[in-house]
Amino acid sequence: MPVPAGGGGAEGRARRAGRVAGRALRRPFTGVARRLRRVTHAHGAGESGLAKLIELHAVNSAGDMMITVALASTVFFSVPTNEARGRVALYLAVTMAPFALLAPVVGPLLDRVPHGRRAAMAGAMLARALLALTMSGAVAGGGLQLYPAALGVLVASKAYGVVRSAVVPRLLPPRISLVKANSRVTLAGLVATGLAAPAGAGLHLLGPAWPLYGAFVVFVAGTCLSLSLPHKVDSARGEARARLASGEAGAAGGRPVKAGLRTVGPSVLHGLQANAALRALSGFLTFFLAFLLRAQPLGGLGAAASLGLVAVAAGAGNALGTAVGAWLKARGPEPIVAAVLGLALGVTVLAAVFYGVMAVVVVTAVAATAGLCQALAKLSLDAMIQRDVPEGVRTSAFARSETALQLAWVVGGAIGISLPLIGVVGMVVAAGLVAVGAALAGRGLLGAGRRGGSAAPRVA
């Protein structure tokens, strides 16, 4: 007599045991996935489509981290320090050219072609997927062919960031402020980066090309997620370009002023100046400390461990700043930006004074402070744009400000590459970068804060 399917017998028991084991293995992952889904879909984010953008940004950050692991674990540590500095200097010099073109082009392009945002994000993902495959064949030897591909990855990543900043206001739920929405997106990226780093390191144990294979898979998934965003991402209803129709310059010349960041109001401009200084500080520390700690590891640690400690400190500071920003109200962002400028300036000055006495404490404190200040300042800039810039031109303002900040990061990195590997000198230059931002923006931010903000000029 035949045994019923799933009934008794050794085969049936083995099948049932396999199903039970499968459910037990899946339960932790499905439980985590459900909890993450509840977080990303909370407060109307699921209905508005913001949750999909949060998930997309997590995928983007994970893919970028896998590429970073692949390049840092091969090219950076496989060549002498002087040769590596020369290669990265050439890389940054070439990178600055497309960023210089990107800053004035991407914003107007998004203004003129607003219906292509989903396609632009998908294109940035697909480009990095294909470039990851291209680099996989050359990453072990660190050949020069890596650099054009790595340049393409960086430009595509920054282009994605510009488009993402323009997309967030279109998916904003009624119950969430723009500051909190950006905090959620950023936190998702930080969590994904933290998970992707050990995953990439594990893949690297299989071979130097394996993190790039992982990045390829991640970016292909990101391409599909980009195209699944709500259609209103591509909607341009009610939008316009940031253009000054009247005011000082327009009244003086009788002609409309060319669209640009200077047309969005003095408060936003001061916030952008402060953010540019802090972003330049971030780029400077990224490259200067990378080579300094490779040549002069922190006491008792190797080069990789020293860099890992600094990366953890910077990531913790960034996460803390983002978490604090998620709880801050959208009012009064100018005093926050002024405060973080003062904090960054004070810490970098103290770092220059005490570097020779306690280098470990100094380096980790500077990295953590830079991450904290950059996160809070960016969220405050978002709040100023939300408050002062009319909705019709807000997308344009976000696109233009993001490209300017990315260019500031590259300029800071170029300064870090050009300096001698002397810790005190580096900290003095870091303090100088922040001091320039404080001199340009500090007084204006405090004045605007006392006045309760400064509205943008009337726009066309």
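Everything below is about the structure shown above.
Everything quoted here is computed from the prediction, not taken from an experiment. (Residues numbered from 1 in each chain as written. Predicted model: local features only at pLDDT ≥ 70, side-chain atom pairs only at ≥ 80, totals over all residues. Heavy atoms only, no water.)

A.B. asks: When you look at the packing of aromatic side chains in this model, what are you seeing that I'm missing?
C.D. replies: Given two aromatic rings, their pairing is described by the distance between the two centres and the angle made by the two planes. Taken as a whole and assessed by the stated rule, the structure comprises three aromatic pairs. Aromatic side chains phenylalanine 284 and phenylalanine 288 sit 5.3 Å apart centroid to centroid with 10 degrees between the ring planes, which places their arrangement in the stacked category. Residue phenylalanine 284 and its partner phenylalanine 288 are both found in helix α10 (residues 266-295); the two are separated by four residues, about one turn of the helix. Neither phenylalanine 284 nor phenylalanine 288 differs from the other in exposure class; each is buried. (Phe/Tyr/Trp six-rings, centres within 6.5 Å; stacked < 30°, edge-to-face > 60°. Helix = DSSP H or I, 4+ residues; strand = E, 2+ residues; numbered from the N terminus. Buried < 20%, exposed > 50% of the residue type's maximum accessible area, 1.4 Å probe, protein only.)

A.B. asks: Would you explain the environment of leucine 172 in this entry?
C.D. replies: Along the chain, leucine 172 falls in the loop between α6 (146-167) and α7 (178-206). Along the chain, leucine 172 and glycine 49 lie 123 residues apart, while their C-alpha atoms are 8.2 Å from each other. Excluding residues within four positions of it along the chain, leucine 172 makes contact with Ser48, Ser177, Leu178, Ala181 and Gln386. (Contact = heavy atoms within 4.5 Å.)

A.B. asks: Please clarify how a nonpolar patch on the surface should be interpreted in this entry.
C.D. replies: Together, Leu301, Leu309, Val349, Leu350, Val353, Phe354, Val357, Met358, Val360 and Val361 give the surface a local cluster of nonpolar side chains, amounting to about 840 Å² of exposed area. The set of elements that each furnish at least two residues to the nonpolar patch consists of α12 (333-354) and α13 (359-388). Here leucine 309 is to be found in helix α11 (residues 303-327). For leucine 309, a relative accessible area of 32% puts it in the partly exposed group. (Patch = residues over 30% accessible without salt bridge, like charges linked within 9 Å, V, L, I, M, F, W, Y side chains within 5 Å. Areas by Shrake-Rupley, 256 points an atom, 1.4 Å probe, with all protein chains shown as cover. Salt bridge = Lys/Arg side-chain N within 4 Å of Asp/Glu carboxyl O.)

A.B. asks: What is the right way to read the side chain of threonine 348 from this model?
C.D. replies: With respect to the element layout, threonine 348 can be found in helix α12. You can call threonine 348 buried: its relative accessible area is 2%. Side-chain polar atoms of threonine 348 contact the backbone oxygen of leucine 345, separated by 2.9 Å. Not counting residues within four places of it along the chain, the set of residues in contact with threonine 348 comprises Leu281, Met427, Ala430 and Ala431. (Polar contact = N/O pair within 3.5 Å; in protein donor to acceptor, adjacent residues only side chain to side chain.)

Coordinates in, geometry out; function isn't part of it.
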